[in-house]
Amino acid sequence: MNKSQALKGYFVSIFFAMGLNIFSLPVFFRDYNPDWVLLTLIYWVLAVPEKVGVFNAWGVGLIVDVLTGRLLGQHALAYSLTAFSCLKLHKRLGQYLLRQQSLFISSSLLLSKMIEFMIEDFKGDAQLTVVFLLPVIVGTFFWPVIYTTLRFFRSIR
Amino acid sequence: MNTRLLIVVLVSIFFLIVDHKSSRLDTVRSGLSFFSYPVQKLVSFPSVIKDTLVSIKSYSALKKENALLKEKQVIDRVRLLKFAALENENIRLKGLLGNSFELGEQILSAELLSVNLVPYEHVVVINKGSKFGVHAKQPAIDANGIVGQVLRSMPLNSEVMLITDPNHALPVQVNRNGLRTIAVGSGKLDRLKLPFLPNNADILPGDLLVTSGLGGVFPQGYPVAVVDNFIMQPDKPFANIYATPKAKLDRIRELLVVWSDSTPVPLAFPDEVEAKGTKNDKKENE
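What counts and what doesn't
- Residues numbered from 1 in each chain as written.
- Chains lettered and ligands numbered in written order.
- Predicted model: local features only at pLDDT ≥ 70, side-chain atom pairs only at ≥ 80, totals over all residues.
- Heavy atoms only, no water.
- Helix = DSSP H or I, 4+ residues; strand = E, 2+ residues; numbered from the N terminus.
- Expected span 1.5 Å × (residues − 1).
- Buried < 20%, exposed > 50% of the residue type's maximum accessible area, 1.4 Å probe, protein only.
- Contact = heavy atoms within 4.5 Å.
- Polar contact = N/O pair within 3.5 Å; in protein donor to acceptor, adjacent residues only side chain to side chain.
- Pairing = 2+ DSSP bridges.
- Core = buried A, V, L, I, M, F, W, Y, C linked by side-chain atoms within 4.5 Å.
- Domains from an automatic or database assignment.
- Buried area = accessible area lost by both parts, 1.4 Å probe.
- Salt bridge = Lys/Arg side-chain N within 4 Å of Asp/Glu carboxyl O.

Trainee: I'm lost on helix H1 (residues 2–21) of chain B in this one. Help?
Mentor: Because the α-helix completes a turn every 3.6 residues, residues three or four places apart line up on one side. In a regular helix each residue adds 1.5 Å, so 20 residues correspond to 28 Å; H1 of chain B covers 29 Å between its end C-alpha atoms and thus fits that length. Those residues of H1 of chain B lying buried are Leu-5, Val-8, Val-9, Ser-12, Phe-15, Leu-16, Val-18 and Asp-19 of chain B. Elements in contact with the buried residues of H1 of chain B: helix H4 (54–68), helix H5 (74–95) and helix H6 (98–123) of chain A together with helix H2 (26–55) of chain B.

What follows is the structure, given as structure tokens:
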């Protein structure tokens, strides 16, 4: 599979992940909705590290900022830092089992959430409650699903 | 790779500060919204399909509905006639008192996109933006009462903060006696708080709250909420008062964006408004 196809898959999957991020769920599930865009982004950073890097993550973060009405740069900063840590460790992560990866993913999600919280706090209206961290836990459980799904779509083309 | 990260972090922090302190990055935001708009369209697509399926009803049901609506329209028209007469009288009386009277507001109907931005904020997205002249700090109403205000407008869509958002405060007035206060959002879609009224305030469950027009964002006299709970707190300076919004915030599909101030807007019906304006001037001159 060549690089341009990988990039096409990248754009399409990020597009759908953004859709999932703002999908209008019933009130009960809203607090549990994980950060699909970040999970997808991490997958692509690990899969094609030479194509998807810090700048890419930053651009995607800016669009997510506009999409969710945050300060410009909030998701961008969180995503680019997370992408950087994944880039640094991608060789080692490739050797890991899926459940070992999940552990690393959870810390990545936590890092991104904490940066987002810091900025919300700087804006002056944030409360650190469990609700803020629920998406991290749910996101960790969804990592194997994302990984296998995206790899399946990459393998069939 | 490290220099890349450094650049990105510095630019992000710069963006964050500028965006927090000013609105200079709105052009960047508008530009980026051309990427985010398709996503919002994609997400609200299922509800569009559902609406279409619902609207494909049988002939008889539609006929029945049509008859009902026609009947309702006749009744509403009769009522409006009465209101028009009352409005004229009001203008005349205000003219006698030497006060100005606000003209009828311009409105634009907009549809909600079924997206959910962040779980802890009550902000919705509508499908009309600055292309239609929508701008920030514009009130949004529905048939029952105040819904919220425009937070930010982008070329094709805009964000509307509902009155129940914890960051939203709205100057209101008790319709019965004119008591003024501020209604603050509670974070629940069916609750407003009135935190700044003393224990001996003249306010009762069942009182209608209307906008007071102070603050300059909302026009005066629109219904906001009905007081439903008044809990005295003898040991504290202020009572706990709760109200239920008149607008059905959890099931609105359409809302109306209002132009009430003197900002130039594209007139919907120029002749009519002009005619009304001259009529009003005459009344005031009398």
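Trainee: Explanation requested: the side chain of Gln-138 of chain B in the structure shown.
Mentor: Residues and elements named next belong to chain B. Mapped onto the secondary structure, Gln-138 falls in the loop between strand E2 (123–126) and strand E3 (139–141). Residue Gln-138 is classed as buried on the basis of its relative accessible area, which comes to 1%. Engagement of the side chain of Gln-138 in a polar contact is seen with the backbone nitrogen of His-135, the distance being 3.0 Å. At 3.2 Å, the side chain of Gln-138 and the backbone oxygen of Val-258 are in polar contact. Residue contacts for Gln-138: discarding those within four places in its chain leaves Gly-133, Gly-148, Gln-149, Val-150, Val-257, Val-258 and Trp-259.

Trainee: When you look at the sheet that holds strand E11 (residues 240–245) of chain B in this model, what are you seeing that I'm missing?
Mentor: One key point about sheets: their strands pair by backbone hydrogen bonds, in either a parallel or an antiparallel sense. Residues and elements named next belong to chain B. Sheet architecture is closed into a barrel: six strands sit in the order E6-E7-E8-E11-E10-E9, paired in antiparallel fashion. Here strand E6 (residues 169–174) runs beside strand E7 (residues 180–185); their pairing, made up of five bridges, is antiparallel. By the bridge assignment for E7, Leu-170 is matched with Ala-183.

Trainee: It is not clear to me how the nonpolar core should be interpreted in this structure. Could you clarify?
Mentor: Grouped burial of nonpolar side chains is what soluble globular proteins tend to show. Among the nonpolar cores identified, the biggest contains 65 residues, and Met-18, Val-37, Trp-44, Val-60, Tyr-79 and Trp-143 of chain A are the most heavily contacted of them. At ten residues, the largest contribution of residues to this core is made by helix H3 (residues 36–47) of chain A. Here this core spans two domains, and each of domain 1 (2–55) and domain 2 (106–286) of chain B adds at least three residues to it. Setting aside residues up to four positions removed in sequence, Val-37 of chain A forms contacts with Ile-14, Ala-17, Met-18, Asn-21, Val-60, Val-64 and Tyr-79 of chain A. Of all hydrophobic cores here, the second largest spans 39 residues; its members include Val-217, Ala-243, Leu-249 and Val-257 of chain B.

Trainee: Can you walk me through the interface of chain B and chain A in this structure?
Mentor: The figure often quoted for interface size is the accessible area lost as the parts come together. Tallying the contact residues gives 36 residues for chain B and 38 residues for chain A. Interface area for chain B against chain A, summed over the two sides, is near 3500 Å², with a carbon-plus-sulfur share of 74%. Taken as a group, Met-1, Leu-16 and Asn-116 of chain B account for 17% of the area that chain B buries against chain A, more than any other trio of residues on that side. Taken together, chain B and chain A are joined by one salt bridge.

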